[in-house]
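Take a look at the letters that make up each chain.
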Amino acid sequence: MHHKDGLIKDLEILYSAKPTPVRGASRIQKELSRRVLQTPDPKRIHTIAGADIAICVKEKKLVCGMILFSYPELEEIERVWTVSDEAFPYVPGLLGFREAPCIIKTFGKLRECCDMIMIDGHGLAHPRGFGLACHVGVLLDIPAMGVAKKCLYGTFSEPGFNRGERTLIRGKDGEVVGAALRTRDGVKPVFVSIGNRTDLDTSVAIALECSRGLRIPEPTRLADKYVGLLKKDVCG
DNA sequence: GCGACAG
DNA sequence: ATCTTGTCGC
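Computed from a predicted structure; not experimentally measured.

(A) Focus on the sheet that holds strand S7 (residues 176-181). The strand order across the open sheet built from eight strands is S3-S2-S1-S4-S5-S8-S7-S6, with neighbouring strands paired in mixed fashion. Single-partner strands in this sheet number two, and they are strand S3 (76-85) and strand S6 (166-170). Across this sheet, the average inter-strand angle for adjacent strands is 25°, counted without regard to direction. Note that strand S1 (residues 47-56) and strand S2 (residues 61-70) share 10 bridges and pair antiparallel.

Shown next, in the form of structure tokens:
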């Protein structure tokens, strides 16, 4: 229903239509990393969605919540959610295989598409250049960016004390893979990287614009709060 | 071989 | 991610 299932269909080949084995997943990531588009669309962004997931350990369920906001006002437009069976274990570096399917399913419930989706995790700042934000962005073929609370891959120097200051995160070959961004004076930085159809400067500007007083940008912060409530309702 | 390791 | 009370500070 959402204007592009082409890529997802192609990917069923890579996913083999069967549960993706942990080994083999890395190869798929390297393969798909080439599909990450690092150029933003010319038109301005008017809406942004934030997504997050909560886990029901005993029930083995993943609860995904997504909230769509106007941008830059950040007024809520709608919120949707879904519950999925846990189909892939948590393995550092393979988070996309665990969470992207749930986020994609939830995205399908939005009545309105979004100009950007902010993901709780990394995009290009990943060992194989294909973090969760890229996984979601590429499969849905929409603009996506990652905002993580901890660095997973690459090296960076501590950004300056003031809100807005940033430093680049560089990969093994010195390539820029993301940015460490101070969203509040003196508070730990967040790690921003490209998911798809955007560039680093744009992503950093959006992360900063969405960080109103708190360290975590509103889209993912509120989505996190949302799934926290959903979890209590859905599980024990 | 050793340490690191998003959510 | 999740398990959890109080507590330091603006």
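(B) Structural detail: the side chain of Gln29. Looking at the element boundaries, Gln29 is found in helix H2 (residues 25-33). Contact partners of Gln29, with chain neighbours within four places excluded, come to Gly93, Leu94, Phe97, His126, Arg128 and Phe130.

(C) Local environment of the protein's contact with DNA strand B. Lining the immediate surroundings of DNA strand B are 16 residues, of which Tyr90, Gly93, Leu95, Leu132 and Lys149 lie closest. Among all atoms of DNA strand B positioned within 4 Å of the protein, those belonging to sugar or phosphate total 40%. In this structure, Tyr90 approaches DNA strand B through a side-chain N or O atom, which is 2.7 Å from a phosphate oxygen. Within the backbone of Lys149, an N or O atom sits 2.9 Å from a phosphate oxygen of DNA strand B. Taken together, the residues that form the surface near DNA strand B break down as seven nonpolar, five polar and four charged.

Reading the values: the criteria
- Residues numbered from 1 in each chain as written.
- Chains lettered and ligands numbered in written order.
- Predicted model: local features only at pLDDT ≥ 70, side-chain atom pairs only at ≥ 80, totals over all residues.
- Heavy atoms only, no water.
- Pairing = 2+ DSSP bridges.
- Helix = DSSP H or I, 4+ residues; strand = E, 2+ residues; numbered from the N terminus.
- Axes fitted to C-alpha atoms, helices over the stretch in contact; angles between N-to-C directions.
- Contact = heavy atoms within 4.5 Å.
- Near = heavy atom within 4 Å.
- Polar contact = N/O pair within 3.5 Å; in protein donor to acceptor, adjacent residues only side chain to side chain.
- Nonpolar A, V, L, I, M, F, W, Y, C, P; charged D, E, K, R; others polar.

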